[in-house]
Amino acid sequence: KAGVTQTPRYLIKTRGQQVTLSCSPISGHRSVSWYQQTPGQGLQFLFEYFSETQRNKGNFPGRFSGRQFSNSRSEMNVSTLELGDSALYLCASSLAWGGEQFFGPGTRLTVL
Amino acid sequence: AQSVTQLGSHVSVSEGALVLLRCNYSSSVPPYLFWYVQYPNQGLQLLLKYTSAATLVKGINGFEAEFKKSETSFHLTKPSAHMSDAAEYFCAVSGPSGANSKLTFGKGITLSVRP
């Protein structure tokens, strides 16, 4: 069974632009969570989606948003990029809400 | 609210030596506890988890951890380090239900293994 896939793997943007990251969960998994990893702040929870509904949300500004589609694939969007948004963005999927999470390889975003 | 403390940012051991990575947690609900490993330029891989069953948990690659409620600890151990164990290790806590299922991570510990 294929694991969690994230596209693109690497991304370079400039300040003020917006970006969309994609996550395809393991087949059959219905819950997707997103995390941001930076050297300074470590791993921080962004949000979790289950059955196309946001179930949990972390402490990030409204510039960070996400959605989940009927096939459980998820996207996250960051608008008006700031230098501090440079990070590794990790997606994790689980069978159900609150289940064991399996992580993808991440998307490394660099904001110049 | 939940939090995890991983003391120290770097541990160095000799190949064949005991590995001990410390993790203390704080949780207002019965905790689920996890150890993840991250190799360079990769995502997180689950080593082991505690979900209120046996307090001594065995994971992959010879790692194990013991849940001690009285000490609010969940330290990770491996009897004999291997060069391939060099990586970053994260302890994480979550709650038992969907509403508090988000993972809260510690800052991580980098493990180096000397030949």
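The structure displayed is predicted, hence computed values, not measured ones.

Turning our attention to the packing of aromatic side chains. Tallied over the entire structure, the rule returns 14 aromatic pairs over all chains. Look at Tyr 25 of chain B and Phe 67 of chain B: their rings are 5.8 Å apart centre to centre, the planes differ by 25°, and that puts the pair in the stacked class. Taken together, the residues Tyr 25 of chain B in strand β4 (residues 24–27) and Phe 67 of chain B in strand β8 (residues 64–68) connect sequence positions 42 residues apart. The exposure class of Tyr 25 of chain B is buried, given its relative accessible area of 10%. Grouped by ring-pair contacts, the aromatic residues Tyr 35, Phe 45 and Phe 103 of chain A together with Phe 34, Tyr 36, Phe 90 and Phe 105 of chain B constitute a single cluster.

So, on to the environment of Trp 35 of chain B. Residues and elements named next belong to chain B. Here Trp 35 lies in strand β5 (residues 32–38). Taking relative accessible area as the criterion, Trp 35 reaches 0% and is therefore assigned buried. Here the alpha-carbon distance between Trp 35 and Gly 106, two residues 71 residues apart in the chain, equals 9.9 Å.

As a further point, take the state of the cysteines. All names here are of chain A. Scanning the model with the defined rule gives 2 disulfides over all chains in all. Paired by a disulfide, Cys 23 and Cys 91 hold their sulfur atoms 1.7 Å apart. Of note, the bridge from Cys 23 to Cys 91 carries an S-S torsion of about -55° and is left-handed in sense. Taken as a pair, Cys 23 in strand β3 (residues 19–24) and Cys 91 in strand β9 (residues 87–94) lie far apart in primary sequence, 68 residues in all. Take Cys 23 and Cys 91: they sit in the same class, and that class is buried.

Right, let's talk about the interface of chain B and chain A for a bit. In this complex, chain B contributes 16 residues to the contact, which on the side of chain A involves 19 residues. Counting the surface lost from both chain B and chain A, the interface buries some 1500 Å², and carbon and sulfur atoms represent 52% of this. A salt bridge links Glu 100 of chain A to Lys 49 of chain B; the nearest nitrogen and oxygen atoms lie 2.4 Å apart. Counting across the chain B and chain A interface gives 4 residue pairs in polar contact (both at pLDDT 80 or more). Element by element, the count of residues in the side of chain B that touches chain A is highest for strand β6 (residues 44–50) of chain B, at 3 residues.

Before going further, it helps to spend a moment on the pattern of salt bridges. Close approach of charged atoms lets side chains of opposite charge pair. Using the criterion set out here, one finds 7 salt bridges over all chains in the structure. Linking Glu 75 of chain A and Arg 67 of chain A is a salt bridge whose minimum nitrogen-to-oxygen distance equals 3.3 Å. Between Glu 64 of chain B and Lys 58 of chain B there is a salt bridge, with the nearest N and O atoms lying 2.8 Å from each other. Judged by its relative accessible area of 62%, Lys 58 of chain B falls in the exposed class. Among the charged side chains, a network of salt bridges with common partners joins Arg 63, Glu 82 and Asp 85 of chain A.

All right, on to the pairing of β5 of chain B then. Residue and element names in this part refer to chain B. Taken across its 7 residues, β5 has 6 buried, putting it largely inside the fold. Examined bridge by bridge, β5 and strand β10 (residues 87–94) share 7 bridges and lie antiparallel to one another. When the bridges of β10 are listed, Trp 35 appears paired with Cys 91. Where β5 meets β6, 6 bridges bridge the pair, whose relative direction is antiparallel.

With that settled, consider the side chain of Gln 6 of chain A. Residues and elements named next belong to chain A. When you line up the elements, Gln 6 lands in strand β1 (residues 5–7). A residue is classified by how much of its surface remains accessible, and Gln 6, at 3% relative accessible area, is buried. There is a polar contact of 3.0 Å between the side chain of Gln 6 and the backbone oxygen of Tyr 89. At 2.9 Å, the side chain of Gln 6 forms a polar contact with the backbone nitrogen of Gly 106.

So, on to the side chain of Asp 85 of chain A. As for its placement among the helices and strands, Asp 85 of chain A is situated in the loop between β8 (74–78) and β9. Not counting the four nearest positions on each side in its chain, Asp 85 of chain A is found in contact with Gln 36, Arg 63, Phe 64, Val 78, Thr 80, Leu 109 and Val 111 of chain A.

Turning to unusual backbone geometry, a few remarks are in order. A cis amide bond links Thr 7 of chain A to the next residue, Pro 8 of chain A, at an omega of -10°. Its place among the elements puts Pro 8 of chain A in the loop between β1 and β2 (10–13). One non-glycine residue with positive phi stands out, namely Thr 72 of chain B, at about 45°. According to the relative accessible area criterion, Thr 72 of chain B is partly exposed, its value standing at 32%.

Criteria and cut-off values
- Residues numbered from 1 in each chain as written.
- Chains lettered and ligands numbered in written order.
- Predicted model: local features only at pLDDT ≥ 70, side-chain atom pairs only at ≥ 80, totals over all residues.
- Heavy atoms only, no water.
- Phe/Tyr/Trp six-rings, centres within 6.5 Å; stacked < 30°, edge-to-face > 60°.
- Helix = DSSP H or I, 4+ residues; strand = E, 2+ residues; numbered from the N terminus.
- Buried < 20%, exposed > 50% of the residue type's maximum accessible area, 1.4 Å probe, protein only.
- Disulfide = S-S within 2.5 Å.
- Contact = heavy atoms within 4.5 Å.
- Buried area = accessible area lost by both parts, 1.4 Å probe.
- Salt bridge = Lys/Arg side-chain N within 4 Å of Asp/Glu carboxyl O.
- Polar contact = N/O pair within 3.5 Å; in protein donor to acceptor, adjacent residues only side chain to side chain.
- Pairing = 2+ DSSP bridges.

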